[in-house]
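# Reading the structure
Chain by chain, the residues run as shown.
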Amino acid sequence: MSPTAPYAAPLAPVGAVAARATDLSKVYGRGETRVAALDSVSVEFRRAQFTAIMGPSGSGKSTLMHCMAGLDSISSGSTRIGDVELGSLGDRQLTKLRRDRIGFVFQAFNLLPTLSALENITLPLDIAGRKPDPAWLQQIVATLGLSGRLAHRPSQLSGGQQQRVAVARALTSRPEIVFADEPTGNLDSRSGAELLGFLHESVRALQQTIVMVTHDPVAASYADRVVFLADGRIVDEMYEPTADAVLDRMRRFPGGNPRTPASDTQGRTS
Amino acid sequence: MLRTALRNLLAHKTRLLMTALAVLLGTAFVSGTLVFSDSVGSAFRNKMAKSLDDVAVSVTPGPRSAKGHAGALDDRLVERIRALPGVASVRPSVDGTVTVADRKGNPAGSEWGSAGANYVPGKDGKDSRYPLVQGRGPAADGEIALDVRTAGKTGAKVGDTVRLAVDGPVMTKKLVGTVKTDDPRVGAGGSLALFDTPTARKLFGKPGEFTELVIAATPGTDQKALTGAVRGILPDGAEAQSGADLAAAQSTMIDHQTKSIRTTFLVFAGISLFVGVFIIANTFTMLVSQRSREIALLRAVGASRRQVVRSVLIEAGLLGLAASAAGFVLGLGIAAGLRPALNATGASLPDGPLVIAPTAVLSSLAVGVLVTALAAWLPSRRAARIAPVEALAAVDQAPAARGLVVRNTIGGVLTALGVAVMLYVTGYRDTSGVGLAMTGSVLTLTGVIVLAPLLSRPFVLLAGKAGVRLFGVDGKLARENALRNPRRTAATASALMIGLTLITGLTVGAVSAGHGMDKLGRQDLTADYKVSSTGFHGLSPEVAKTLAAQPGVAAAVPLRTVGFERDGAPALALGTRPGAVGEVTGVRMVSGSLSDVRGTGSVAVAEPYAKLKGIGPGDRLPMDFYDGKKAAPRVVAIYADNDVLADVLADPALLDPHMEKVADDQVLVKAAPGQAAGLPEKIKESLGRNPAVKVESQEDMRRAAAGNIDSVLYLMYGLLGMAVVIAVIGVVNTLAMSVFERTREIGMLRAIGLARTGVKRMVRLESVMIAMFGAVLGVGVGIFLAWSAGHMLRSSFPQYELVLPWGRLALFLLIAPVVGVLAALWPARRAARLNMLEAIGAQ
C-alpha cells in the first residue's frame, strides 16, 4: 500500500493479502517442559477486512498476534507483512517495519501521559521524522470523534476516549495492518461498543485492515471474519459472524467458557 | 510492620542499590576519617614513645641575647650531669641547618628540612642514633657523613667531596660515611649532614656549647627525682624536662593536630552525607508512589497511619544500617590506603596498625542510620496520606501532582532572605561579617534548593528546545520526562548543585585572591630578582656587596629585619639603604623622603603603623629592642603601606647593633636595562654556586604563590569530589527508578517503532538535562556567593577584586553533559534492553 495514494479511494483491491503466516510454530521451553504455543499455524489476513482472532485462554491467540506483528520471534515457519518476510529482519529493521507499516492498539496503557492526544496520535510519525498528512489526520480524528479533545492530556480523557486516541495513533501512518490486542478489555460495555463501531468504520470508510484479538463474542461480532484458535491451532473460521453464533462456537471448545463483556471489564483490569 | 519493612527491602534490592551506595560512600568517608585519624595519632604516639624510651631528661639552653648566652650548655655541665647518681649516659648534641648541594648544585633537601648535627661516637666509636650504612662517622674538620638518600642525590660515593653551605660561602668536605636516620624532617624530604662535634659547633656558631643534652637513666631511677637533680645544677635560663613530660606535651600536640585534620575531613564527609539525603529522599518518594496501592491495601485492612510511617522509616533504617556497615568496611580500606597514598606524595606518616575505636564504629553506623531515616521521613509522611480507597482504584493513575504553591512560597522567601543578607554583607569591609555571610549562604542555597522544582520548568523547556531541534522526538520525550515530576528532577539536580556551588565558590574566591596577590606583588615589588637563603641563617652582608659589584646589576638592596617593641606591642623594623628602596619597590611617599633616613637618628614609618601609634613627621619613635637596649629616632618620612616593607624603615647603623648576628633576609636585585635575561645564572656564579642561596624572579615568586593556592584548591576539589560522585550516583538512581516506573511506556514506544537507540537517547537526554540544570544552578549560586562574600576583604586586601575564571567555569558546565551521559549509561542500557512483550504486560 502506498502512503501517497488518495485516502478515499480503495488503497488496494479487497482480497489482497496484508499479512500471512505459513506453518508458523512458536515453542517455549525444551524437552519435558516443551510447550507449543503455536503449532503449524497458516493464516492470511486480507486488506480492508476486519478479522477477529478468538479462542479460550492459552489458545495462543496473543502469541499469534505478537509473532505476526514482529513483537516476538518465531520457532519455525514464516510470517510476512505485505511482501516482507519478518524472519529475515534484525531488530532495527523490525522496529522500522512496526513504525512504518503496522499499527498497534493494546488493552491498556497505549498513551504517553506526558503528551497531548494529538501528540500521541502523531507519535509514530514523529519517531519516523515524517509530517502527518493533514487531510488524512483530520479524517481519522473526525471518524473517531476526537475533534475538540486533541489538546487534552490522557489523564483528562475517559477510558473510551483514550482507546480511540490509541486507534487514531495506529491509523495515522496508514499502516498495512493494525493489530489490536483486547482493545475493549478495559472499557465498559457502552464505550466498548462505541470503540468497536469506530474500528468497523475504519475498515469500511478508510479501507484499513484490522486484526483484533479478543475473547468477547460481542466484540468478535463486529468483525467481517472470525478465526478460532485452540491449543495453538486454527480450528475454525466464520464469516459475517453474530455474537450468538460466536458464543455458540466457543461453547463447543473443551473447557471453553467465554466470559461476558461485563465480567471482562472487572476481571481483566491490570 | 518490621516484617513488611524487611520484605520490602529484600524485594527491592536492585532498586535500592544506588541509594545504598550513596549512604555507603558517605559513611565510608566518615569512618575512614575517624579510623585514619585514630590510627595515625596512635602511630605517632607509639613512635614518639619509642624515640623517648631512652630519654629520662632532656636539657635545653635558655634564649640567646646580645648580652651573652644565659644558660648555655657547655662541656663542664655535661661532666657534672654525668656525675649525678642514676645517670647512665648523656648525649650532647649540636643542631643547625646545612644545605647540601645535589648533582646540579641545588639544595638536596627541602627548604625546611635541611638538618645538620654532630656525630657522637660511643664507646665502640659509633653513634647509636645514626646507624652507619657505609664507611665511618666523621671525626675531623674536613669530614662529613650524610643520610643515605641525600648521599644518593649528591651522587657522591664515600671518599668523594661534597659541596655544602651553612650561612657563609660554599665549603667542600669529604664524605666518609652514610647513615640511616628516623629524623622526621628527613622522612619528609629533608637532608641530614653529620660532623664531628667541634666542626658542628664551629659551623653552627655555638662555640663550646650544645643545643640539647639527652640524659638516659640507669634502671630503677626515678625520672622525676632525676629531673629535679639535673635542674639543681643547671645554669639560669636552661631548662630540664622529664621524658614523661616531653611525651605528654608531644601527645597533646599530636592530638591537637589529628583533631584539626579530622574536623576538616568530617566537614566534607558531612557535605557528602547531606548530598546523599537528596538521593535517599528521592528513592523513598518513588518507592512510596510505586507502592501506593500496597500501602492503601495495608491501610484498608487496618494499618494505622503511624504504622505506615513506621514501616517506611524502619525500611530506611535497615537500609541505612546495611549500607553503613558496608561503608564502615570500605572506610577501613580508605584508612589503610590513605597512609601509603599520603606518604607517596611526600608526607611521612609512621607505620602502625589500624586502630578501630568502638566510638568510630558506633558513630559511623549511627550517622548512616540517622541520615537515611531522616531523609525518608518526608516520604513516609506522604505514604501515610495515601487513602485506603486508592487500593480499590481500577486503573493505575499517576497520583495527582500536588501543588507547588506552598513550596514555592517558602523557597521564594528563603531565597529572598538569603540574597538580602548577602547583599547586606557586601556593605562590610572586614571579616566581622563572616557569621552573617555563612547564614546568608546557607539561606540562599536552601532557598534555591526549595525553589528548584519551579526553576526546573523554564530550564528544561529551554534545554528541551535545543534537544528537540537536535534530536527530534527523542529530545521531546526526554523533555517531557524531565518535566513530568519537577520535584524529582529538582532533587536530583540539587544534589549536584550543592557540590558545584561549593566548588565554584572556592574556585572564584581562590582565583580572585590569586589575582589580587599578583597585582599586589607587581605594585609593591619592582625588583627583577630576589636573592634569599634556603635555611634559617640569612645571607651574609657580603652577598649584597658581591651582587652590587656584578655587571648587569643596577641595584642590589639588602633587607634585614629586627624586631622591637613599642609600648609593649611587637613591631618589625627593616634595615636597608633607605635611599635605594625606591629602586626595587614601588614605595609611595606620604610625606618626607626616604633619602633623609640616615644614621642612627632617623627612621621612616609606614602609614598604617603611624596612624596606629598616632605619630607623625618630626615625632620621636621610642623603640625597645630585644637585647634590652632602647632608641628613640626621629620620624622623618611616612610611606604608604607596602607588602615588601615593614612597619619601620631604618639605616643599618641603627639596627645592626641589636642583631645577634648581622645577616640579610633577602637582597632585592634590579637588573640594568636589557640585562635581566641570564642574570640569575651570573648571580649564582658570582656567589660560588652556593646551594644555600636561592634566586627567584618575579615570575618564580608569583608561580610559587599561585602553586600554594592551587594545591589547597585541588585538595578541596578532591574532598568535594566525593559529594559530586554521590550526586552522580543520585542521577543514576533517579534514571534507573524512572525507567522502572515507565517500563510499560517504554515497551509501548518500542512496539510502535522507537528503536533501541532512540530509547537510549531519550534516557540520556533526560540525564543531561538534569545534570546541566544542577550545574547551571550550582555555578550561578557559587559565583553569587563568592562575589558577595568577597567584599569583606576590601579593607585588609584592597587589591582583591572578583575575577571569574571563565575557563574553569566553562569546564564545570561542560563536564555536566558528560556526567549526564555517563550517569545514563546503565539506566539507558536497561531501558533499551527491556523485553517489549513483558514491558507491555507489566503491572
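Residues numbered from 1 in each chain as written. Chains lettered and ligands numbered in written order. Predicted model: local features only at pLDDT ≥ 70, side-chain atom pairs only at ≥ 80, totals over all residues. Heavy atoms only, no water.

The condition that has to hold: UniProt positions are given in the numbering used here, feature names are shortened, and annotations may be inferred rather than shown by experiment.
The name that an unreviewed UniProt entry assigns to chain B is Putative ABC transport system permease protein, with the source organism given as Streptomyces olivoverticillatus. Entered under Subcellular location (unreviewed entry) in the UniProt record, the comment concerning chain B runs "Cell membrane". Regarding chain B, the UniProt comment filed under Sequence similarities (unreviewed entry) reads as follows: "Belongs to the ABC-4 integral membrane protein family."

An unreviewed UniProt entry lists chain A under the name Putative ABC transport system ATP-binding protein, from Streptomyces olivoverticillatus.

## Considering the packing of helix α24 (residues 756–790) of chain B against helix α25 (residues 806–833) of chain B
All names here are of chain B. What counts is decided by this rule: Between N-to-C directions, angles cover 0 to 180 degrees, with each direction set by a line fitted to C-alpha atoms, over the stretch in contact for helices. Strands here mean DSSP runs of E at least two residues long; helices mean DSSP runs of H or I at least four residues long; both are numbered from the N terminus. Should an angle lie under 35 degrees it is considered roughly parallel, over 145 roughly antiparallel, and from 65 to 115 roughly perpendicular; all remaining angles are considered oblique. Handedness of a crossing is defined here by the sense of rotation of the near helix relative to the far one, left-handed for an anticlockwise turn of less than a right angle and right-handed for a clockwise turn. For this scheme, ten residues count as nonpolar: Ala, Val, Leu, Ile, Met, Phe, Trp, Tyr, Cys and Pro. Four count as charged, namely Asp, Glu, Lys and Arg, and the remainder, Gly too, count as polar.
The N-to-C vectors of α24 and α25 enclose an angle of 150°; their axes lie 7 Å apart at closest approach. By the criterion of interaxial angle, the relationship of α24 to α25 is roughly antiparallel. Where α24 crosses over α25, the two elements pack in a sense that is right-handed. Looking at the contact of α24 with α25 residue by residue, the classes come out as 21 nonpolar, two polar and four charged.

## What to know about the pattern of salt bridges
To keep things clear, this is the line we draw: Any carboxyl oxygen of Asp or Glu that lies within 4 Å of a side-chain nitrogen of Lys or Arg is treated as forming a salt bridge with it. In this scheme, a residue with accessible area under 20% of its type's maximum is buried, one over 50% is exposed, and one in between is partly exposed, where area comes from a 1.4 Å probe on protein chains only.
According to the stated counting rule, one finds 48 salt bridges over all chains in the structure shown. D91 of chain A is paired through a salt bridge with R750 of chain B; the nearest N and O atoms lie 3.2 Å apart. Taken together, the residues span two chains, with D91 of chain A in helix α2 (residues 91–101) and R750 of chain B in helix α23 (residues 743–751). Given a relative accessible area of 31%, D91 of chain A falls into the partly exposed group. Salt-bridge contacts for R742 of chain B lead to E766 of chain B; the nearest nitrogen and oxygen are separated by 3.1 Å. Within this pair, whereas R742 of chain B is found in the loop between α22 (698–741) and α23, its partner E766 of chain B is found in helix α24, the two being separated by 24 residues in sequence. Beyond isolated ion pairs, a larger network of salt bridges with shared partners links D518, R522, E699, R702 and R703 of chain B.

## Here's the deal with the packing of aromatic side chains
To be explicit about the condition: We call Phe, Tyr and Trp rings a pair once their centres come within 6.5 Å, taking the six-membered ring for Trp, and we label the pair stacked below 30 degrees between planes, edge-to-face above 60, and tilted otherwise. Two thresholds decide whether a charge sits over a ring: the Lys NZ or Arg CZ must be within 6 Å of the ring centre and within 35 degrees of the ring normal.
Applying the stated criterion to the full structure yields 10 aromatic pairs over all chains. Summarising the aromatic geometry, the rings of F104 of chain A and F106 of chain A are spaced 5.7 Å apart at their centres and angled 10° between planes, so their arrangement reads as stacked. Take F104 of chain A: its relative accessible area is 1%, and that puts it in the buried class. Between F564 of chain B and F625 of chain B the ring centres are 6.3 Å apart and the planes differ by 55°, which places this aromatic pair in the tilted class. Of the two residues, F564 of chain B is situated in strand β16 (residues 553–566) and F625 of chain B in strand β20 (residues 623–625); the sequence distance between them amounts to 61 residues. One aromatic cluster is present, built from ring pairs that chain together F104, F106 and F179 of chain A. One residue, R249 of chain A, lies across the ring of F228 of chain A, its end atom 5.6 Å from the ring centre. Note that R201 of chain B overlies the ring of F210 of chain B, its terminal NZ or CZ placed 4.1 Å from the centroid.

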